[in-house]
Amino acid sequence: MNKSTHIRYNLFFVFFGIIFCLVQLDCAFARELDFASSPTPVGSGARALGMGGAFIAVADDATAASWNPGGLVQLKTPEISVVGNWFHRIEDIDFANYPESCGLQSVSKEDLNYLSIVYPFNLFNRNMVVSLNYQKLYDFEREWDFQLIDTSDSPSFPGLPPIITTIKVKNHYEQSGELSALGIAYSIQIVPQLSFGFTLNIWNNDLTPNKWEKISHQTSSKTVEYYGIPLQQEPKDTMEKNEYSFNGLNFNIGMLWRITDKLTTGFVLKTPFTADIKHEKYEINDQNQPEKWTFNEKLDMPMSCGIGLLYKISDEFRISADVYRTEWQDYIYTDSDGKKTSLITNDSKAESDIDPTYQVRFGMEYLLVNPKSHYVVPLRAGVFYDSVPAQANPDDYYGFSLGSGFSKERYAFDIAYQYKFGNDVGASIIEGTTLSQDQDVEEHMVYSSFIIYF
């Protein structure tokens, strides 16, 4: 092999190494949507959060439209309620093959969580309730900044140093957005011990925020040390932006059964549905030339259901428990070419090994009542386990919550704090590439709510 051929031979492997590294990164973020935290399609509200989310059989405030609309009939006066939330999420990422990329990534956000207007009435000797609700259900906030460094050497002429190639790829990945629904709820007391209700959820980007976007920005560079002389290439920038809007309809169907004066059970079913996705893709290459494509796609959202129990130890003290199941194996994305893939694994549904996930939640509420001043101070606490969809085996998240508040006559204020964590989770995000990784996740969340009774 002459020197000229030898140079071309080594430059081929340099070029291949760069392409390989970029392809692996592209595979890492190829999915249309990554859940930034445990994607549990439960309900809203500071009171429920303070009880660990064990609220299906409680469901006695305006947020029942999201937890169990069968419980709305327990409301006796018209009311307006608003809930705000704040969260801070920390991800400690461990890239197995790229230690220089390991480290902490974090994101924070505050937002409107829930807004409702409730009106109880009586018709045909039956207590009934209607309500109009806004609920934020999923958030997609995530932001990562990291660098991948790949160094390799190739043989040189006998007696000369090897040719050393260093490839660096700086990455910025950002995902933002949310899914929310406008809900119209109705509940009826069938008999004194049994009530039924439903919520029609309208997921429409023209009415409430139902969109997300992903930005992937890469700066790549290479250095070739050829016979001891370093040769550097100008960095290359590429950026890809994907925007998605989401539209669909589904129902929450709930039932509440007061078995005895002390024991109540509740059930809720959230129906599956197929959402229409408008996907707009933008690319800017290293010549700063933008390109745009528009696609019409589909997303199948899974069915979920839950059952809860409430036990009243006394008028002031009660405990609750919920079990919830979601069929994430049916969470399927259909692109504009008709290709169906799991958004959990980015593989076809047949090739994906996704099990349903379960959430188990326990909570308590104790009321400090002042009969003279007519005010109530609640004390709440809860613990929970969330399993999160992943290839082969779900990831495990755990957490606890604390809550309190103050209510008097026509006004009520509640606040709750939740801590959630998961260790060695998220590996399926980029499974099957050289970027396989695990992450430890911590999330701090605060909900506050204010209610006016009329």
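Here we summarise the structure given alongside this text. These numbers were taken from a predicted model, which means no experiment stands behind them. (Residues numbered from 1 in each chain as written. Predicted model: local features only at pLDDT ≥ 70, side-chain atom pairs only at ≥ 80, totals over all residues. Heavy atoms only, no water.)

### As for the pattern of salt bridges
Then, number 1: The full count for this structure, using the stated rule, is 25 salt bridges.
Then, number 2: Among the ionic pairs, Lys-241 bridges to Glu-213, the shortest N-O distance being 3.7 Å. Here Lys-241, found in strand β9 (residues 236-258), pairs with Glu-213, found in strand β7 (residues 210-226); they are 28 residues apart in sequence, far enough to count as distant.
Then, number 3: The partly exposed category is assigned to Lys-241, whose relative accessible area is 23%.
Then, number 4: Through salt bridges with shared partners, a single ionic network connects Arg-47, Asp-60, Asp-61, Arg-318, Glu-365, Arg-380 and Asp-414. (Salt bridge = Lys/Arg side-chain N within 4 Å of Asp/Glu carboxyl O. Helix = DSSP H or I, 4+ residues; strand = E, 2+ residues; numbered from the N terminus. Buried < 20%, exposed > 50% of the residue type's maximum accessible area, 1.4 Å probe, protein only.)

### Structural notes on the nonpolar core
Then, number 1: Counting 20 residues, the largest nonpolar core has Tyr-138, Trp-203, Phe-246 and Leu-299 as the members making the most contacts within it.
Then, number 2: Those elements that provide at least two residues to this core are β3 (126-139), β5 (163-191), β9, β11 (273-284) and β12 (290-301).
Then, number 3: Setting aside residues no more than four positions away along its own chain, Leu-299 makes contact with Phe-246, Phe-273, Thr-274, Ala-275, Ile-277, Tyr-331, Ile-332, Tyr-333 and Leu-343.
Then, number 4: Listed in part, the 18 residues of the second largest apolar core include Leu-49, Leu-72, Phe-87 and Val-107. (Core = buried A, V, L, I, M, F, W, Y, C linked by side-chain atoms within 4.5 Å. Contact = heavy atoms within 4.5 Å.)

### Some remarks on a nonpolar patch on the surface
Then, number 1: A contiguous nonpolar patch, built from Val-82, Leu-112, Leu-115, Tyr-411, Phe-413, Ile-415 and Phe-450 and spanning about 550 Å² of accessible area, is present on the exposed surface.
Then, number 2: Sorting the residues of the nonpolar patch by element identifies β2 (103-123) and β20 (411-425) as the ones contributing at least two each.
Then, number 3: It is β20 that provides the largest number of residues to the nonpolar patch, a total of 3 residues.
Then, number 4: With respect to the helices, strands and loops of the structure, Leu-112 is situated in strand β2.
Then, number 5: Take Leu-112: its relative accessible area is 32%, and that puts it in the partly exposed class. (Patch = residues over 30% accessible without salt bridge, like charges linked within 9 Å, V, L, I, M, F, W, Y side chains within 5 Å. Areas by Shrake-Rupley, 256 points an atom, 1.4 Å probe, with all protein chains shown as cover.)

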